[in-house]
Amino acid sequence: MAEAHVATNPELPNLVTILEKTFEGTSFAHFLKAWENIIFSLIIIFMITVVAYFVSKKNSMVPGRFQCAWEMFVGGVDDFVCGIMGPAGRQFVPFIGTLFIYILFMNLSGLIPLFKSPTSNWSITLALALCVFVYVQFTGFRRLGFLGYIDHLAEKPRGILAFSVIIPILMFFLHVISELVRPLSLSLRLRSNIWGDDTLLAVLAGFGLGGVPLLLFNTFLVIIAGIVQTLVFCLLTTIYFTLIVTGEEH
Amino acid sequence: MELLKLLSANELVAQIVSFLILLFILKRFAWKPVLKVLDERKNKIESEFKEIDEIKGEAERMKSEYETKLSAIERIAKEKIEEGVKEGRRMADVIKQGAVKDAERMIADAKDVIKDETQKAHDILKEDIVDLTISAAEKVIGEKVTDKHDRKAIEEFLDMLEKKKNGW
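Okay, so let's go over this structure.

Quick notes on the rules
Residues numbered from 1 in each chain as written. Chains lettered and ligands numbered in written order. Predicted model: local features only at pLDDT ≥ 70, side-chain atom pairs only at ≥ 80, totals over all residues. Heavy atoms only, no water. Helix = DSSP H or I, 4+ residues; strand = E, 2+ residues; numbered from the N terminus. Rg over C-alpha atoms; globule rule 2.2 N^0.38 Å. Buried < 20%, exposed > 50% of the residue type's maximum accessible area, 1.4 Å probe, protein only. Areas by Shrake-Rupley, 256 points an atom, 1.4 Å probe, with all protein chains shown as cover. Lys, Arg positive; Asp, Glu negative; His and termini not counted. Charge placed at Lys NZ, Arg CZ, Asp CG, Glu CD. Contact = heavy atoms within 4.5 Å. Buried area = accessible area lost by both parts, 1.4 Å probe. Salt bridge = Lys/Arg side-chain N within 4 Å of Asp/Glu carboxyl O. Polar contact = N/O pair within 3.5 Å; in protein donor to acceptor, adjacent residues only side chain to side chain. Nonpolar A, V, L, I, M, F, W, Y, C, P; charged D, E, K, R; others polar. Core = buried A, V, L, I, M, F, W, Y, C linked by side-chain atoms within 4.5 Å.

Attention now moves to the overall build of chain B. For chain B, the count of helices and strands is two helices and zero strands. Relative to its length of 168 residues, chain B is extended, with a C-alpha radius of gyration of 62 Å against a globular reference of 15 Å. Considered along the principal axes of its C-alpha atoms, chain B spans approximately 195 × 30 × 20 Å. Taken across its 168 residues, chain B has 14% of its residues classed as buried. Here chain B displays about 13,800 Å² of accessible surface, and carbon together with sulfur accounts for 62% of that area. Of the charged side chains in chain B, 34 are positive and 37 negative; the average position of the first set lies 8 Å away from that of the second.

Right, here's the structure in full:
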């Protein structure tokens, strides 16, 4: 079914699909087909790691050009997260920052010839959303304790609400469902937007308007959508963390 | 169910592992050191600004202190100058009075000397006149006038003349 899905959707050729066609019928081609998105994400991981390693290799008090750019990014994420969560957000900055840079590179990699956006695949985005889900729940569990966590899921019933039993139970299940839906909504939103962009890129690749390829106009759309979707993913992640952290404070 | 067919368990697990590896690497080598440097720089700038404010406050305090001291010194200096001027004037008065007294004394002394000298000259002149008169009388009468007796007579005569001259 997945094969049929790929066949029915237009897709620009990339490095893996070209190799796949070259070695068609071999086990290597099957391997490439099965791990296409992971191969691209690993390439992106490798690139980010190399850049981050060399940029932050010499952290001096008087920064150079690259260190300055990297510090601007790190400081920007720190301000973004701590601006929403307050000082408590500092511990989530590496996680949210890594998500941001990783998703951004994966979203925009579709613009590079012979590359593909791994985020146009649901498995990839769901994996990231599951990481967020697990980390959020783990943070809630660790901060609130078992009973506190259950209390949080039951929307902290107090007074007459606590004695009504049925309402806290309903609230508990409602909250559980809303928590479980979060990774689905997070991952599907990102995947669908990027998949739509990539499909549009592939469709418009063969068209032009007065000699100007339509791909040129669509490129801006892809860039904007890629950045916006990254921001949305990270913003929602930050909000999830905020809800679980401030739940403890209230 | 259709949606689930888009998923691949292998890719899902591999992606989770890849992301966790990236998270570990970036946290270890990029996020923590950079955030540490940012915090250190922020603290350094804050402490330096604080230090600058303290130094500024100290400078302001010293300035006001110096201004107070300077005005006190100016006041003291003015007082000293006024005292000096007063002292100078007083000394000038003393010197002036001394000089006047000295001058008066010197004038008085000079007058006394002149008086003495006049008296002396008068006496000498008188002696000379007596001698001249005696010698003239001797030549007129042709004999020697006894010195003691005649001298006395002449002197009495001269005194009489003098008294007459003075309106007696």
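From this point on, the discussion continues.
Another point: the interface of chain B and chain A. Chain B puts 32 residues into the contact, and the matching count from chain A is 48 residues. Of the roughly 3,500 Å² buried between chain B and chain A on both sides combined, carbon and sulfur atoms contribute 76%. The largest contributions to the chain B side of the interface with chain A come from E11, Q15 and W31 of chain B, which together make up 21% of the buried area. Where chain B packs against chain A, one counts two salt bridges. Here E71 of chain A ties to R41 of chain B by a salt bridge, and the two come within 2.6 Å at their closest N and O atoms. Taken together, the connections running from chain B to chain A amount to seven residue pairs in polar contact (both at pLDDT 80 or more). For the side of chain B that touches chain A, a count of residues per class yields 20 nonpolar, four polar and eight charged.

We now examine the nonpolar core. With 51 residues, the main nonpolar core has W70, F95, L99, Y102 and F233 of chain A as its most contacted residues. At the level of elements, α4 (36-55), α5 (65-85), α6 (93-108), α7 (122-153), α9 (166-204) and α10 (215-249) of chain A together with α1 (9-141) of chain B are the ones that each hand at least two residues to this core. Residues within four places of W70 of chain A in sequence aside, it is in contact with A52, V55, S56 and I101 of chain A together with A30 and V34 of chain B.

Everything listed is a geometric property; what it means functionally is a separate question.
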